[in-house]
Amino acid sequence: EDKVVQSPLSLVVHEGDTVTLNCSYEVTNFRSLLWYKQEKKAPTFLFMLTSSGIEKKSGRLSSILDKKELFSILNITATQTGDSAVYLCVLNRDDKIIFGKGTRLHILP
Amino acid sequence: SQTIHQWPATLVQPVGSPLSLECTVEGTSNPNLYWYRQAAGRGLQLLFYSVGIGQISSEVPQNLSASRPQDRQFILSSKKLLLSDSGFYLCALARGYNSPLHFGNGTRLTVT
């Protein structure tokens, strides 16, 4: 059965800390792995990863995919209170889109 | 750029009443459209997806149905709501199978 497992389920850190969110998967033949940030409303798109070993960066956020070890990580450096959200890992196959349950990140001021 | 309109933002309905949630998109044609539900404290559950007018695939059998009467319109319906239908309903689109999903702002439904 296809699985996307995110860890930790929740994380509380202080502003300025660096966090690493993990996504491991048991999915074959997927086209891309995506990361989303969900605050109180709809998820917003962060990154799409298709190739192994190529880091994507956007400001303080970065992500990388390892297709050999079947995982991806999302790094956030110098965290701010606005980074508090649920972060979703999603695998995109032709026939379905598989969501992880998310990591709830809370940044303390 | 594409825009997804969902309404209403919040809805409170009694058990047994009908439901109609509408999603319309702008800025793209022939998108793949999706209805997701997120129950409190749980992940996103795919309910329906559509690759074109009149084409609906159901992922989870339940008392909900979906229709796509026009290319940019996706409707989620129920004849009789259950308490378990409460949740956050999200419409999403993707331009193709390898494009990111983009979400509407969602409808928070409470069935009382």
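Just above sits the structure.
Residues numbered from 1 in each chain as written. Chains lettered and ligands numbered in written order. Predicted model: local features only at pLDDT ≥ 70, side-chain atom pairs only at ≥ 80, totals over all residues. Heavy atoms only, no water.

**Student:** Tell me about the sheet that holds strand 3 (residues 19–26) of chain A, and please be specific about residues and values.
**Tutor:** Residue and element names in this part refer to chain A. Ordered by their spatial adjacency, five strands build an open sheet running 1-3-8-7-6, and the pairing between neighbours is antiparallel. What marks the edges here is a single partner per strand, and that holds for strand 1 (3–7) and strand 6 (56–58). Between one strand axis and the next, the sheet turns by 15° as a mean value, whatever way the strands run. (Pairing = 2+ DSSP bridges. Helix = DSSP H or I, 4+ residues; strand = E, 2+ residues; numbered from the N terminus. Axes fitted to C-alpha atoms, helices over the stretch in contact; angles between N-to-C directions.)

**Student:** Tell me what's going on with the sheet that holds strand 3 (residues 19–26) of chain B, and back it up with residues and numbers.
**Tutor:** Residue and element names in this part refer to chain B. With antiparallel pairing, four strands are arranged side by side in an open sheet as 1-3-8-7. Two strands in the sheet have a free side with no partner beyond their single neighbour: strand 1 (3–7) and strand 7 (64–70). Strand-to-strand twist across the sheet, computed as the mean angle between neighbouring axes with direction ignored, equals 20°. Looking at chain direction, strand 3 and strand 8 (residues 73–78) are connected through six bridges and run antiparallel. The residue of strand 8 that forms the bridge with Ser20 is Ser77.

**Student:** For the interface of chain A and chain B, give the residues involved together with the corresponding values.
**Tutor:** On the chain B side, the residues contacting the 18 residues of chain A number 17 residues. Here chain A packs against chain B, burying approximately 1500 Å² in sum over the two surfaces, 59% of which is carbon and sulfur. The interface formed by chain A and chain B includes zero salt bridges. Of all the elements in the fold, those that place two or more residues in the side of chain A that touches chain B are strand 4 (32–38), strand 5 (44–49), strand 9 (85–92) and strand 10 (97–99) of chain A. Looking at the side of chain A that touches chain B element by element, the count peaks at four residues for strand 4 of chain A. (Contact = heavy atoms within 4.5 Å. Buried area = accessible area lost by both parts, 1.4 Å probe. Salt bridge = Lys/Arg side-chain N within 4 Å of Asp/Glu carboxyl O.)

**Student:** Now, about the packing of aromatic side chains: what can you tell me, with residues and values included?
**Tutor:** Inspection of the entire model under this criterion finds nine aromatic pairs over all chains. Note on Tyr36(A) and Phe45(A): the rings are 5.9 Å apart at their centroids and 70° apart in plane angle, and the pair reads as edge-to-face. Judged by relative accessible area, Phe45(A) falls into the partly exposed class, the value being 33%. Cluster of aromatic residues (ring-pair linked, three or more members): Tyr36(A), Phe45(A), Phe99(A), Tyr34(B), Tyr36(B), Tyr49(B) and Phe103(B). Lying over the aromatic face of Phe30(A), Lys67(A) brings its terminal NZ or CZ to 5.5 Å of the ring centre. Over the face of the ring belonging to Phe88(B) we find Arg108(B), whose NZ or CZ atom lies 4.3 Å from the ring centre. (Phe/Tyr/Trp six-rings, centres within 6.5 Å; stacked < 30°, edge-to-face > 60°. Buried < 20%, exposed > 50% of the residue type's maximum accessible area, 1.4 Å probe, protein only. Lys NZ or Arg CZ within 6 Å of the ring centre and 35° of its normal.)

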